[in-house]
Amino acid sequence: LIGCFNGMVFGAIHCLGWNYLFQGHTEHMLWRAASLGIACAPVLLFLNVGLVLWVGATDISGLHAAIMILSAIITSFIYIVARVTLIVLMIMSLQSLPLGVHDTVAWTEFIPHL
């Protein structure tokens, strides 16, 4: 359950980049979809596990158990695909760095005691 909370926080942090400038519209929409996927998938997984705990593992029939296992697998797959998508988008963003990224910083101007 702590892992679900951590996953939601991780997704919420990535949702902060909702209005960030991207290279193209496709990358922007992919970032939004992946951020929502990372933020929402742990909620669905938590509800799935919570239902098992609330109903009790002994009271679940074969069909309900299969549906719950299938939903857990699908939710996990969505989470993994969203994480990989964000990693690929971050690596792709290195293609268009700002011009000043390679400038040498004169640290003595910012920290005078050096």
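Here the structure is a predicted model, which is why all the values come from computation and not from measurement.

All right, on to the overall build of the protein then. Within the protein one finds four helices and zero strands. Computed over its C-alpha atoms, the radius of gyration of the protein comes to 21 Å, more than 25% above the 13 Å expected for a compact globule of 114 residues. For the protein, with 114 residues in total, the buried portion stands at 20%. Long-range contacts, defined as pairs at least 24 residues apart, comprise 70% of the intrachain contacts of the protein with a sequence gap of at least 6. With an accessible surface of roughly 8,500 Å², the protein has 75% of that area assigned to carbon and sulfur atoms.

To continue, consider helix H1 (residues 2-15). The end-to-end C-alpha separation of H1 is 20 Å, in line with the 20 Å expected for 14 residues at 1.5 Å each. For H1, every residue scored as buried is listed here: Cys4, Gly7, Gly11 and His14. Buried residues of H1, viewed axially, fall in a sector of 85°; they line one side. Exposed side of H1, more than 90 degrees from the buried face: Ile2, Phe5 and Ile13 are the residues found there.

In this section: the environment of alanine 34. Within the secondary structure, alanine 34 is located in helix H2 (residues 25-55). Residue alanine 34 is classed as buried on the basis of its relative accessible area of 4%. When the C-alpha atoms of alanine 34 and alanine 12 are compared, they prove to be 11 Å apart, with 22 residues separating the residues in sequence. Once residues lying within four places of it in the same chain are set aside, the contact partners of alanine 34 are Ala82, Thr85 and Leu86.

Our next topic: helix H3 (residues 62-92). When the terminal C-alpha atoms of H3 are compared, their 45 Å separation across 31 residues agrees well with the 45 Å that a helix rising 1.5 Å per residue should span. Residues of H3 that are buried include every one of Met68, Thr75, Ala82, Leu86 and Leu89, and no others.

This part takes up the side chain of histidine 14. Considering the arrangement of structural elements, one finds histidine 14 in helix H1. Of the residues examined, histidine 14 reaches a relative accessible area of 12% and is grouped as buried. Excluding residues within four positions of it along the chain, histidine 14 makes contact with Trp31, Ser35, Leu86 and Met90.

About the criteria used
Residues numbered from 1 in each chain as written. Predicted model: local features only at pLDDT ≥ 70, side-chain atom pairs only at ≥ 80, totals over all residues. Heavy atoms only, no water. Helix = DSSP H or I, 4+ residues; strand = E, 2+ residues; numbered from the N terminus. Rg over C-alpha atoms; globule rule 2.2 N^0.38 Å. Buried < 20%, exposed > 50% of the residue type's maximum accessible area, 1.4 Å probe, protein only. Contact = heavy atoms within 4.5 Å. Areas by Shrake-Rupley, 256 points an atom, 1.4 Å probe, with all protein chains shown as cover. Expected span 1.5 Å × (residues − 1). Arc of directions from axis to C-beta.

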